[in-house]
Amino acid sequence: MTTASKVLFTGKAHVTSGRDGAARSADGRLDIKLPEPHPAAENLFAAAWSACYLGAIGLAAAQRKIKLPTEPSVDTAIDLNNANGAFFLRARLDVSVPGIDRAVAQELIAAAHGICPYSRAVHGNIEVTTTLV
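One structure accompanies this document, and this report is about it. (Residues numbered from 1 in each chain as written. Predicted model: local features only at pLDDT ≥ 70, side-chain atom pairs only at ≥ 80, totals over all residues. Heavy atoms only, no water.)

Section: the overall build of the chain
Part 1: Along the backbone of the chain there are three helices and six strands.
Part 2: What you see in the chain, going N to C, is helices and strands ordered as β-β-β-α-β-β-α-α-β.
Part 3: Based on the C-alpha atoms only, the size of the chain along its principal axes is roughly 50 × 40 × 35 Å.
Part 4: A separation of at least 24 residues holds for 52% of the contacts in the chain among residues at least 6 apart in sequence.
Part 5: If you sum the accessible surface of the chain, you get close to 9100 Å²; carbon and sulfur atoms cover 55% of it.
Part 6: Of the charged side chains in the chain, 13 are positive and 12 negative; the average position of the first set lies 8 Å away from that of the second. (Helix = DSSP H or I, 4+ residues; strand = E, 2+ residues; numbered from the N terminus. Contact = heavy atoms within 4.5 Å. Areas by Shrake-Rupley, 256 points an atom, 1.4 Å probe, with all protein chains shown as cover. Lys, Arg positive; Asp, Glu negative; His and termini not counted. Charge placed at Lys NZ, Arg CZ, Asp CG, Glu CD.)

Considering the nonpolar core
Part 1: Counting residues in hydrophobic clusters, the biggest one holds 24 residues, and the most contacted among them are Trp 49, Tyr 53, Val 95 and Val 97.
Part 2: Contributions of two or more residues to this core are made by helix H1 (37-63), strand S4 (73-83), strand S5 (86-96) and helix H2 (102-115).
Part 3: Ranked by residue count, the leading element in this core is H1, at seven residues.
Part 4: In contact with Trp 49, not counting residues within four places along its chain, are Ile 78, Ala 91, Leu 93, His 113, Cys 116, Tyr 118, Ser 119, Val 122, Ile 126 and Val 128. (Core = buried A, V, L, I, M, F, W, Y, C linked by side-chain atoms within 4.5 Å. Buried < 20%, exposed > 50% of the residue type's maximum accessible area, 1.4 Å probe, protein only.)

Comments concerning the pattern of salt bridges
Part 1: Applying the stated criterion to the full structure yields four salt bridges.
Part 2: Between Asp 31 and Arg 24 there is a salt bridge, with its nearest N and O atoms 3.0 Å apart.
Part 3: In this structure, the salt-bridge partner of Glu 107 is Arg 64, at a minimum N-O distance of 2.7 Å. Residue Glu 107 is found in helix H2, and its partner Arg 64 is found in the loop between H1 and S4; the two are separated by 43 residues along the sequence. (Salt bridge = Lys/Arg side-chain N within 4 Å of Asp/Glu carboxyl O.)

Remarks on the sheet that holds strand S2 (residues 22-25)
Through backbone hydrogen bonds, the strands of a sheet pair up, either in parallel or in antiparallel fashion.
Part 1: On the basis of which strands lie adjacent, the open sheet formed by three strands has the order S1-S2-S3 and antiparallel pairing. Edge positions in the open sheet fall to strand S1 (13-16) and strand S3 (31-33), since each of these has one partner strand only. Within the sheet, the average angular offset between the axes of one strand and its neighbour, ignoring direction, is 5 degrees. (Pairing = 2+ DSSP bridges. Axes fitted to C-alpha atoms, helices over the stretch in contact; angles between N-to-C directions.)

This is the structure we're talking about:
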């Protein structure tokens, strides 16, 4: 049984390749040069996933009625790998949730992976290491 969904936001971008390659979002908030597809793709994925994941931490805290004394942060690294001619990704998220008990912070970062659409999309598809720093 399929339930109806509501589109909350649609991100749109136009990307060109080559020496003068670039990416520009439809709303103009993203406008960058992409002379090489890599590491640009991995950097963009890291930034997008990090932004979404931080929102998920905030939502996980709100659902648990936990007030975050300061904003959390995340440093995300996306590795493009090659083994036997096949390309694959690995991700490392170093998460800081300052000002709260470490066990509570660990609970929030775990819960965030269940909320964040990027985390859910890659679940089981790439190796992800999440560390509370």
